[in-house]
Amino acid sequence: MEKIIVRGGRRLEGSVKVEGAKNAVLPVIAASILASKGTSTIKDVPTLADVYTINEVLRYLNIGVTFENGQIEVDASGALKTEAPFEYVRKMRASFLVMGPLLARVGLARIALPGGCAIGSRPIDQHLKGFEAMGAQVKIGNGFIEASIDGRLQGAKIYLDFPSVGATENIIMAAALAEGTTIIENVAKEPEIVCLANYINSMGGKVVGAGTGTIRIEGVEELVGAEHAVVPDRIEAGTYMVAAAITEGNVLVEGAIAEHLRPLIAKMEEMGVSITDEDKGLRVIGPKELKPVDIKTMPHPGFPTDLQSQMMALLLRANGSSVITETVFENRFMHVEEFRRMNGDIKIEGRSAVINGPVSLQGAEVAATDLRAGAALVLAGLVADGYTRVTELKHIDRGYVRFTEKLSALGADIERVNEEAPSVSTEETSQASLKSNLA
Ligand SMILES: CC(=O)N[C@H]1[C@@H](OP(=O)(O)OP(=O)(O)OC[C@H]2O[C@@H](n3ccc(=O)[nH]c3=O)[C@H](O)[C@@H]2O)O[C@H](CO)[C@@H](O)[C@@H]1O
Ligand SMILES: C=C(OP(=O)(O)O)C(=O)O
């Protein structure tokens, strides 16, 4: 079984480079389906399992895709297939993002129902409401969702019940080739939405208002492949910022954009972490003592749910009690049980977790329950006494490029191994004393 083994106690120093954002590149690749002419070149693409999965979905749809040296070339000019089977959608929910572009281009899309996952039930009703408002007929049966329309989708006024990231993206893509104007209200304002809108506009689309609460799309008859660079990954950046802070380190997170990370910066500064905006990125210096803070996850520009578990690791080291309230997903506290194995003192009360710090974290065998939880367990391992072994790495591979290599280059004692035998002896665990190593 593959594991990440991390021995706590090293202060992280140096610089680490942020990749292109997973959550931006997936909708951008899906949007490349919209171009019936020319090829698209997508740059700064991270080498992630999810990127390979969406590329496979496109190839299944009869689209030419090559991926080399961080660059994807897409040729979607041929006749497209219209179905994305369960084997792809099961691996990655974002496969559902091909529905909007397929429906807009071909008038038909049949995608396997995404279903629930570890962090919550994740319905897609808001995506479907948007397609229906544009005139599509939506049918659900035999594990598939089929959306169809005779002729072109029609521009419409759509109000989202919740600013869903995926629904905003799917509806923008569908509206890009619709007849007339679509106005979507109460949309997601994430930087990844802006990235998608910029790409569609460079293909000849007319999307305005991305990054605000209302987006207006004038549908065009045709889009043409274009070149586009993906925005840096604010969640990966945030993960390394927490790594620096938790180890009392001094790390330059190259490529991190302060504007995209305001909610994290604000909370980390409240905790006593020093963060400076330098030419190349954000420098993070961890203090000797961290103050407790309360956090509530919210749609952007609120605190991102994708950084909630990493901050929980940091709050375990804070001097006092903190409360994290998760409002975006109903079941995103799976990592709490794993932190408890590491001596974490956390109580769950409904949608809130009360974190009582500071605790002396102890190395243990733990399992990643989702990709961010996996990263958070590694972060906790960086300051735990002894060896932490993190399993279920398939989750981490969905969101982090060369995670162990990057942390190791910053000075972490970390490796990825294929280990069969059960391990972690008490002797081994006591080898590393956090205090002596950080002294
Ligand atoms: C590939 C990608 O970009 N993934 C991100 C995206 O996921 P995703 O796009 O799936 O997240 P959404 O913003 O859609 O979901 C947020 C909440 O809205 C609910 N909802 C969503 C759609 C819908 O039709 N009905 C509905 O009720 C979901 O169940 C969830 O509780 O945004 C999330 C919230 O920032 C992030 O955690 C994910 O990392
Ligand atoms: C939940 C996440 O991704 P996805 O929506 O792809 O599951 C994430 O990136 O933390």
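Residues numbered from 1 in each chain as written. Chains lettered and ligands numbered in written order. Predicted model: local features only at pLDDT ≥ 70, side-chain atom pairs only at ≥ 80, totals over all residues. Heavy atoms only, no water.

So the rule is basically this: UniProt positions are given in the numbering used here, feature names are shortened, and annotations may be inferred rather than shown by experiment.
With an unreviewed UniProt entry as reference, the protein is termed UDP-N-acetylglucosamine 1-carboxyvinyltransferase, source organism Fictibacillus macauensis ZFHKF-1. Regarding the protein, the relevant UniProt record gives this comment under Function (unreviewed entry): "Cell wall formation. Adds enolpyruvyl to UDP-N-acetylglucosamine."

### Concerning the overall build of the protein
Going by this rule: A helix here means a DSSP run of H or I that spans at least four residues, while a strand means a run of E at least two residues long, and both kinds are numbered starting from the N terminus. Only protein chains enter the accessibility calculation, which uses a 1.4 Å probe. A residue is then buried if its area is under 20% of the maximum for its type, exposed if over 50%, and partly exposed in between. Only heavy atoms matter for contacts: two residues are in contact if any of them lie within 4.5 Å across the pair. Only the protein chains shown count as covering a residue, and every accessible area follows the Shrake-Rupley method with a 1.4 Å probe. The charge count includes Lys and Arg as positive and Asp and Glu as negative, but it does not include His or the ends of the chains. A charge is said to be at NZ when it belongs to Lys, at CZ for Arg, at CG for Asp and at CD for Glu.
Across its full length, the protein carries 16 helices and 26 strands. Across its three principal axes, the protein shows a C-alpha extent of roughly 70 × 45 × 40 Å. Counting across all 439 residues of the protein, residues that qualify as buried make up 59%. The contacts in the protein between residues at least 6 apart in sequence include a share of 74% that link residues at least 24 apart. Carbon together with sulfur atoms contributes 47% to the accessible area of the protein, which is approximately 16,700 Å² in total. Looking at charge distribution, the protein has the averaged site of its 45 positive side-chain charges lying 1 Å from that of its 56 negative ones.

### A closer look at the sheet that holds strand β10 (residues 144-148)
Adjacent strands of a sheet form backbone hydrogen bonds with each other and so pair up, either parallel or antiparallel. We apply this condition: For two strands to be treated as a pair, DSSP must find no fewer than two bridges joining them.
Taking strand neighbours across the sheet as the criterion, the four strands line up as β7-β8-β10-β9 in an open arrangement whose pairing is mixed. The outermost strands of the open sheet, each flanked by one partner alone, are β7 (83-84) and β9 (137-141). Judged from the five bridges that link them, strand β8 (residues 108-112) and β10 form a sheet pairing that is antiparallel. Of the residues in β10, the one forming a bridge with Ala 112 is Phe 144.

### Brief notes about the site of ligand 1
Our working definition: Distances are taken per atom, and a residue is near a molecule or strand as soon as one of its heavy atoms is within 4 Å of it. We call two N or O atoms a polar contact when they sit within 3.5 Å, provided that within protein one can donate a hydrogen and the other can accept it, with sequence-adjacent residues counted only if both atoms are side-chain atoms.
With respect to spatial proximity, 16 residues lie near ligand 1, and among them Asp 125, Gln 126, Ser 164, Asp 306 and Val 328 are the closest. Between ligand 1 and the protein, one listed contact pairs an oxygen atom with a side-chain N or O atom of Asn 23 at 3.0 Å. Residue Asp 306 places a side-chain N or O atom 2.5 Å away from an oxygen atom belonging to ligand 1. With the chains in place, 84% of the 730 Å² that ligand 1 exposes on its own is no longer accessible. Considering every element that reaches the shell around ligand 1, the biggest residue donor is helix α5 (residues 125-133), with three residues.

### Observations regarding the pattern of salt bridges
Formally: Should a side-chain nitrogen of Lys or Arg be within 4 Å of a carboxyl oxygen of Asp or Glu, the pair is scored as a salt bridge.
According to the stated counting rule, one finds 28 salt bridges in the structure shown. For Arg 416, the salt bridge identified is with Glu 2, shortest N-O distance 2.9 Å. Linking Arg 416 in strand β26 (residues 413-418) with Glu 2 in strand β1 (residues 2-7), this pair joins segments that are 414 residues apart in sequence. Residue Arg 416 is classed as partly exposed on the basis of its relative accessible area of 32%. Owing to a relative accessible area of 37%, Glu 2 belongs among the partly exposed residues under this scheme. Among the ionic pairs, Lys 3 bridges to Glu 365, the shortest N-O distance being 3.5 Å. Residue Lys 3 is located in strand β1, and its partner Glu 365 is located in strand β24 (residues 365-367); the two are separated by 362 residues in the primary sequence. What emerges from the salt-bridge pattern is a single network uniting Lys 3, Glu 365, Arg 389 and Glu 419.

### Brief notes about the site of ligand 2
As a reminder, the rule being used: Basically, the charged four are Asp, Glu, Lys and Arg, the nonpolar ten are Ala, Val, Leu, Ile, Met, Phe, Trp, Tyr, Cys and Pro, and anything else, Gly included, counts as polar.
Surrounding ligand 2, one finds Lys 22, Asn 23, Ile 119, Arg 122, Asp 306, Arg 332, Leu 371, Arg 372 and Arg 398. Between Arg 122 and ligand 2, the recorded distance is 2.7 Å, taken from a side-chain N or O atom to an oxygen atom. Contact between ligand 2 and Asp 306: an oxygen atom at 3.1 Å from a side-chain N or O atom of the residue. Protein coverage of the free-state accessible area of ligand 2, which is 300 Å², stands at 88%. Taken together, the elements giving at least two residues each to the shell around ligand 2 come down to α1 (22-31) and α12 (371-381). Across the shell around ligand 2, the residue classes break down as two nonpolar, one polar and six charged.

### Let's talk about the packing of α1 against helix α2 (residues 49-60)
Using the following cut-off: Where helices are involved, their axes are fitted lines through C-alpha atoms of the stretch in contact, as for all axes, and angles between N-to-C directions lie from 0 to 180°. Comment on the angle field: the value is read as roughly parallel under 35 degrees, roughly antiparallel over 145, roughly perpendicular from 65 to 115, and oblique elsewhere.
Contact geometry for α1 and α2: axes closest at 10 Å, N-to-C directions at 5 degrees. Accordingly, the angle class assigned to the pair α1 and α2 is roughly parallel. Note on element contacts: α2 touches α1 through Asp 50, Val 51, Ile 54, Asn 55 and Leu 58, opposite Lys 22, Val 25, Leu 26, Ile 29 and Ala 30. Across the contact of α1 with α2, the residue classes break down as seven nonpolar, one polar and two charged.

### With respect to the UniProt feature "active site" (unreviewed entry) in the protein
Mapped onto this numbering, the UniProt entry annotates "active site" (unreviewed entry) at Cys 117. Mapped onto the fold, Cys 117 is located in the loop between β8 and α5. Of the residues examined, Cys 117 reaches a relative accessible area of 33% and is grouped as partly exposed. In contact with Cys 117, other than residues within four places in its own chain, are Arg 93 and Arg 122.

### Concerning the pairing of strand β12 (residues 181-185)
In plain terms, the rule: Here is how to tell: hold the view so the strands point away, follow the path from the first strand over the helix to the second, and if it runs clockwise the crossover is right-handed.
Residues Thr 182 and Ile 184 line the buried face of β12, whereas the alternating positions Thr 181, Ile 183 and Glu 185 sit on a face that is not buried. By the bridge criterion, three bridges tie strand β11 (residues 157-159) to β12 in an arrangement that is parallel. Directly across from Lys 157, in β12, lies its bridge partner Ile 183. Handedness of the crossover joining β11 and β12 through helix α6 (residues 165-176): right-handed. Bridging between β12 and strand β14 (residues 214-218) involves five bridges; their strand directions are antiparallel. Paired with Glu 185 across the bridge in β14 is Thr 214.

### Quick notes on helix α4 (residues 99-106)
Burial of α4 is extensive: six of the eight residues sit out of reach of the surface. Among all positions of α4, only Met 99, Gly 100, Pro 101, Leu 102, Leu 103 and Ala 104 are buried. Buried residues in α4 make contact with α1, β8, α5, β10 and α6. A positive backbone phi angle near 85 degrees is found at Gly 107, which sits one or two residues after α4.

### So, the UniProt feature "binding site: UDP-N-acetyl-alpha-D-glucosamine" (unreviewed entry) in the protein
As annotated by UniProt and renumbered to match this structure, "binding site: UDP-N-acetyl-alpha-D-glucosamine" (unreviewed entry) occupies Arg 93, Arg 122, Pro 123, Ile 124, Asp 125, Gln 126, Asp 306 and Val 328. Its place among the elements puts Arg 93 in the loop between α3 (86-91) and α4. By the element assignment, Val 328 lies in the loop between β21 (321-325) and α11 (335-341). Since its relative accessible area comes to 23%, Val 328 is described here as partly exposed. If we skip the residues at most four places from it in the chain, Val 328 touches Thr 297, Met 298, Pro 299 and Thr 305.

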